[in-house]
Amino acid sequence: MQGRKKGRPLYALLIEHREIPLLAVLVLLLTLVSIRVPGYLGNNYMNILKGGSINMVMAAGMLCVLLVGSIDISVTAILAFAGALCGKLMGMGVIQSTWLMFVLGIGIGAVIGALNGVLMSYGGVISIIVTLGTSYIVRALIPMDWLLGMNKVVPTDLTQGFKDSMVTNTFLGLPYLVWMAVVVTVVVGLFLKYARTGRNLYAVGSNAEAAQVRGVPINRIKVLAHTICGATAGLAGVMWLGYYWAIEKGSATGNEMFTIAACVLGGVSVTGGYGKITGVVIGAVMIATIDSAIPQLGIGNSMITEFIKGILLLFAILLNVILQRVADKQALARRGI
């Protein structure tokens, strides 16, 4: 048995750990930028962590949705809505507690995510259509002048304690913003690896019919996945508010693609059934590193940044497809087909 492990082919290792190539690219990128800009990593690692934290939280929820073979493009709309509503309630004096802000944000996101899941699973509407519609509706509700005067949230709406909570306050040298991302990714990772329900997400994405035969409640699992995704997006909305001290209708527009990209770059299968939280974390850090590194290299053109992200994303998708085909062929060979 040990002899087989020693002689294990490289492709088998890559199939099992699809985040390895991305990790190698990330190390190479950091090395090249550090050579070009001496002291880059030492001076910017905190900005990279802070910059990637919000995306990392949303990507952890998106991982659950992708595992069941679904997708959610309403996450940034949920982020903006949850952050705006919580912020305006704080500005009106209804909420004073920072922790209550986070609880409310998670609750708002979970409700919208659950609605997405129900419409998709029980309504028979494909996920991209459901979440596209939700995205428009939720963003349209943000400037509710007729109800809360909620055109946008500004720093004066927020208590000083809340404004200090994300970046100023630290624990073991890291801002609470980063610690929240750590906690979310660890909880999601443990849930997917050890909880029976978490393993069911993989089962549904791998083969829904086989999972149903085994007694897995397919529709409920899909609703759960979207609820988790919505909850993390709602949490990210409050984190965004704590980081930027402001939020409005257009906040985070387009960032849903970066959230999905963090998952795909980390080796998550877009067809469901495969993905690890470690890969998602690496993917989110990769995107944050690109955002941080490009300006340091003296390149101020945002188009170049997006171009590099696109190249990496295409590379990740192509590698995923190749590895999946190899895995399928190996599975068929083992069964003698």
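Residues numbered from 1 in each chain as written. Predicted model: local features only at pLDDT ≥ 70, side-chain atom pairs only at ≥ 80, totals over all residues. Heavy atoms only, no water.

As annotated in an unreviewed UniProt entry, the protein chain is Autoinducer 2 import system permease protein LsrC from Candidatus Pullichristensenella stercorigallinarum. What UniProt states about the protein chain under its Function (unreviewed entry) heading is, verbatim, "Part of the ABC transporter complex LsrABCD involved in autoinducer 2 (AI-2) import. Probably responsible for the translocation of the substrate across the membrane." In UniProt, the protein chain has this text filed under Subunit (unreviewed entry): "The complex is composed of two ATP-binding proteins (LsrA), two transmembrane proteins (LsrC and LsrD) and a solute-binding protein (LsrB)." (UniProt positions renumbered as here; feature names shortened; annotations may be inferred.)

Student: I'm lost on the overall build of the protein chain in this one. Help?
Tutor: Across its full length, the protein chain holds 15 helices and 4 strands. For the protein chain, the proportion of its 337 residues judged to be buried stands at 50%. Of all intrachain contacts in the protein chain linking residues separated by at least 6 positions in sequence, the fraction that spans at least 24 positions is 77%. Accessible surface computed for the protein chain: about 16,200 Å², of which carbon and sulfur atoms make up 66%. (Helix = DSSP H or I, 4+ residues; strand = E, 2+ residues; numbered from the N terminus. Buried < 20%, exposed > 50% of the residue type's maximum accessible area, 1.4 Å probe, protein only. Contact = heavy atoms within 4.5 Å. Areas by Shrake-Rupley, 256 points an atom, 1.4 Å probe, with all protein chains shown as cover.)

Student: Any chance you could explain the side chain of Asn-200 here in plain terms?
Tutor: Along the chain, Asn-200 turns up in helix α10 (residues 196-206). Classification of Asn-200 by relative accessible area gives buried; the value is 12%. In contact with Asn-200, other than residues within four places in its own chain, are Val-216 and Ile-221.

Student: Looking at this structure, I do not really get the packing of α10 against helix α12 (residues 218-244). What am I missing?
Tutor: The geometry of a pair of packed helices is captured by two quantities: the angle between their axes and the separation between those axes. Closest axis-to-axis distance for the α10/α12 pair is 10 Å, and the angle between their directions is 110 degrees. Relative to α12, α10 is oriented roughly perpendicular. Across the interface between the two elements, Thr-197, Asn-200, Leu-201 and Val-204 from α10 touch Ile-218, Ile-221, Lys-222, Leu-224 and Ala-225 from α12. For the contact of α10 with α12, a count of residues per class yields 6 nonpolar, 2 polar and 1 charged. (Axes fitted to C-alpha atoms, helices over the stretch in contact; angles between N-to-C directions. Parallel < 35°, antiparallel > 145°, perpendicular 65-115°, else oblique. Nonpolar A, V, L, I, M, F, W, Y, C, P; charged D, E, K, R; others polar.)

Student: I keep staring at the UniProt feature "transmembrane region" (unreviewed entry) in the protein chain and nothing clicks. Help me out?
Tutor: As recorded in UniProt, the feature "transmembrane region" (unreviewed entry) lies at residues 20-37, 57-86, 98-115, 121-142, 171-192, 223-246, 258-287 and 307-327. Secondary structure over residues 20-37 splits into 94% helix and 0% strand, and the C-alpha atoms at its two ends are 25 Å apart. Taken end to end, residues 57-86 is 77% helix and 0% strand, and its first and last C-alpha atoms sit 18 Å apart.

Student: Is there a simple way to think about the pattern of salt bridges in this case?
Tutor: Side chains bearing opposite charge may pair, as long as their charged atoms lie close to each other. Tallied over the full model, the rule gives 1 salt bridge. For Lys-88, the salt bridge goes to Asp-157, with nearest N and O atoms at 3.5 Å. Within this pair, whereas Lys-88 is found in helix α5 (residues 75-91), its partner Asp-157 is found in the loop between β1 (152-153) and α8 (160-165), the two being separated by 69 residues in sequence. Of the two residues examined, Lys-88 and Asp-157, each falls in the buried class. (Salt bridge = Lys/Arg side-chain N within 4 Å of Asp/Glu carboxyl O.)

Student: Would you mind showing me how to read the environment of Ala-77 here?
Tutor: Take Ala-77: it is sitting in helix α5. As a C-alpha pair, Ala-77 and Leu-141 span 64 residues in sequence and 10.0 Å in three-dimensional space. Aside from chain neighbours lying at most four places away, what touches Ala-77 is Ser-135, Val-138 and Arg-139.

Student: Help me understand the packing of aromatic side chains, please; the structure alone is not making it clear to me.
Tutor: What describes a pair of aromatic rings is the distance from one ring centre to the other and the angle between the planes of the rings. For the structure shown, the criterion picks out 5 aromatic pairs. Summarising the aromatic geometry, the rings of Trp-240 and Tyr-244 are spaced 4.5 Å apart at their centres and angled 45 degrees between planes, so their arrangement reads as tilted. With Trp-240 and Tyr-244 both in helix α12 and 4 residues apart, the pair spans about one turn of that helix. Looking at Tyr-244, the relative accessible area reads 44%, which means it is partly exposed. Members of the aromatic cluster, each reached through a chain of ring pairs, are Trp-99, Phe-102 and Phe-162. A cation over an aromatic ring shows up here: Lys-163 above the ring of Trp-245, its NZ or CZ 5.0 Å from the ring centre. Between the NZ or CZ atom of Arg-199 and the centre of the ring of Tyr-202, over which it lies, the distance is 4.7 Å. (Phe/Tyr/Trp six-rings, centres within 6.5 Å; stacked < 30°, edge-to-face > 60°. Lys NZ or Arg CZ within 6 Å of the ring centre and 35° of its normal.)

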